[in-house]
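If you want the building blocks of each chain, they are given just below.
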Amino acid sequence: MERDLLDAVRAGARQQQFLHVLDRDAAFARWWQALGPAPLAAETVPLDAALGRVLKRSVAAPVDVPAFDRSLVDGFAVRAADCAGASPATPVTLRLNPEIIRCGHAPVHAVSAGTASLIATGGMVPRGADAVVMVEQTTTAEAAEGPVVLLHRAAAAGAHIGYAGADLARGEVVLRAGHVIDSRAIGMLAAAGIAALEVVRRPLVAVLSTGDELIA
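What counts and what doesn't
- Residues numbered from 1 in each chain as written.
- Predicted model: local features only at pLDDT ≥ 70, side-chain atom pairs only at ≥ 80, totals over all residues.
- Heavy atoms only, no water.
- Helix = DSSP H or I, 4+ residues; strand = E, 2+ residues; numbered from the N terminus.
- Buried < 20%, exposed > 50% of the residue type's maximum accessible area, 1.4 Å probe, protein only.
- Areas by Shrake-Rupley, 256 points an atom, 1.4 Å probe, with all protein chains shown as cover.
- Pairing = 2+ DSSP bridges.
- Contact = heavy atoms within 4.5 Å.
- Lys, Arg positive; Asp, Glu negative; His and termini not counted.
- Salt bridge = Lys/Arg side-chain N within 4 Å of Asp/Glu carboxyl O.
- Polar contact = N/O pair within 3.5 Å; in protein donor to acceptor, adjacent residues only side chain to side chain.
- Arc of directions from axis to C-beta.
- Core = buried A, V, L, I, M, F, W, Y, C linked by side-chain atoms within 4.5 Å.
- Axes fitted to C-alpha atoms, helices over the stretch in contact; angles between N-to-C directions.

A.B. asks: Sorry if this is basic, but what is going on with the overall build of the chain here?
C.D. replies: Along its length, the chain carries three helices and 12 strands. Out of the 216 residues belonging to the chain, those deemed buried represent 28%. Looking at the chain as shown, the accessible area adds up to about 14,200 Å², and 58% of this sits on carbon and sulfur atoms.

Next up, the structure:
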């Protein structure tokens, strides 16, 4: 009988360890103290593999975006001074330069007084031009001196031109450290000519299950 009582007392003492339960904050404090967390190292990944990754360092645009003055409409690159007074009743006639400025092709001819160049949306604005007249506000014709364009509306300087650096200026911070890369960020970085990024290395995670009372 005495032995049975002694065994029961010893068993109760062993169970005391399960009667002291830490609260949430104390448990987390012990966990982080034991873990010793530190910032993860950086690794470089190509832009097409950066979706969902966390930016390690802020990124600045290495170039102006766009890199050149471009037309925002299909139309004619002109000098605004040549368009003064143009209207449907009194159109202004300009001689056409012998080129069509398409996207990805640098202009060959400068726009001088009394001339215009046909330009597509996104085309590089040629030297001498400071405005673009929409094609809907013009008509073309043949004259003795060659092809001409008739402007039915005046254009102020800067009309329908997107200037270099209007989207992003060289040196401007595009994204800050800690940003989670999404599809919009990838498009912006690609436009700035950035092909690779420094991102936070993904952590290695392990799950340890202990105790024989656990079930699936």
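A.B. asks: Before we go on, may I ask you to explain the pairing of strand 8 (residues 138-143) in this structure?
C.D. replies: As paired elements, strand 8 and strand 9 (residues 146-151) share six bridges and run antiparallel to each other. Following the sheet pairing, Thr140 is matched in strand 9 by Val149. If you look at the hairpin formed by strand 8 and strand 9, you'll find two residues sitting between the two strands.

A.B. asks: Just checking my understanding: could you explain the pairing of strand 5 (residues 92-101) for this structure?
C.D. replies: Note on strand geometry: in a regular strand, side chains alternate between the two faces of the sheet. Two strands pair when backbone bridges link them, and strand 5 and strand 9 are joined in this way by four bridges, in the antiparallel orientation. Looking at the pairing, Leu94 lines up with Val149 of strand 9. With four bridges joining them, strand 5 and strand 6 (residues 115-119) adopt parallel strand pairing. In the strand pairing of strand 6, Arg95 is matched with Thr115.

A.B. asks: What is the right way to look at the environment of Gln137 in this model?
C.D. replies: Along the chain, the position of Gln137 falls in the loop between strand 7 (131-134) and strand 8. Assessed through its relative accessible area of 17%, Gln137 is described here as buried. Counting along the chain gives 13 residues from Gln137 to Leu150, while the straight-line C-alpha distance between them is 8.6 Å. Filtering out sequence-adjacent residues up to four positions away, Gln137 remains in contact with Leu150, Leu151, His152 and Arg153.

A.B. asks: Explain the side chain of Glu99 here, please?
C.D. replies: Following the sequence through the fold, Glu99 ends up in strand 5. Salt bridges are absent for the buried Glu99, whose nearest opposite-charge side chain, Arg127, sits at 8.2 Å. Polar side-chain contacts of Glu99 include one of 3.0 Å to the backbone nitrogen of Val108. Leave out the neighbours within four places in its chain, and Glu99 touches Pro107, Val108, His109, Ser117 and Leu118.

A.B. asks: Just checking my understanding: could you explain helix 3 (residues 183-191) for this structure?
C.D. replies: Every α-helix winds through 3.6 residues per turn, so residues three or four apart in the chain are directed the same way. Residues of helix 3 that are buried: Ala185, Ile186 and Leu189. One side of helix 3 carries all its buried residues, which in axial view fall inside an arc of 100°. Of the residues in helix 3, the exposed ones pointing more than 90 degrees away from the buried face are Ser183 and Arg184. Residues of helix 3 that are buried sit in contact with strand 2 (59-60), strand 11 (173-175) and strand 12 (196-200). Following helix 3 by one or two positions, Gly193 has its phi on the positive side, about 80°.

A.B. asks: Looking at this model, I keep getting lost on the nonpolar core. Mind explaining?
C.D. replies: Note on soluble globular proteins: their nonpolar side chains tend to be buried together. Counting residues in each nonpolar core, the largest one holds 18 residues, and the members touching the most others are Leu175, Ile181, Leu189 and Leu197. If you list the elements that add at least two residues to this core, you get strand 11, helix 3 and strand 12. When residues in this core are grouped by element, the largest group, three residues, is from helix 3. Not counting residues within four places of it along the chain, the set of residues in contact with Ile181 comprises Ala50, Leu51, Gly52, Arg53, Leu55, Leu175, Ile186 and Leu197.

A.B. asks: So what exactly am I meant to see when it comes to the sheet that holds strand 9 here?
C.D. replies: One open sheet accounts for six strands, arranged 7-4-6-5-9-8; its pairing is mixed. With partners counted over all chains shown, the strands left at the sheet margins are strand 7 and strand 8, one partner each. Across the sheet, the mean angle separating the axes of adjacent strands is 40° when strand polarity is ignored. Both strand 4 (residues 75-78) and strand 6 contribute to a ladder of three bridges, which runs antiparallel. Looking across to strand 6, one finds that Phe76 is bridged to Leu118.

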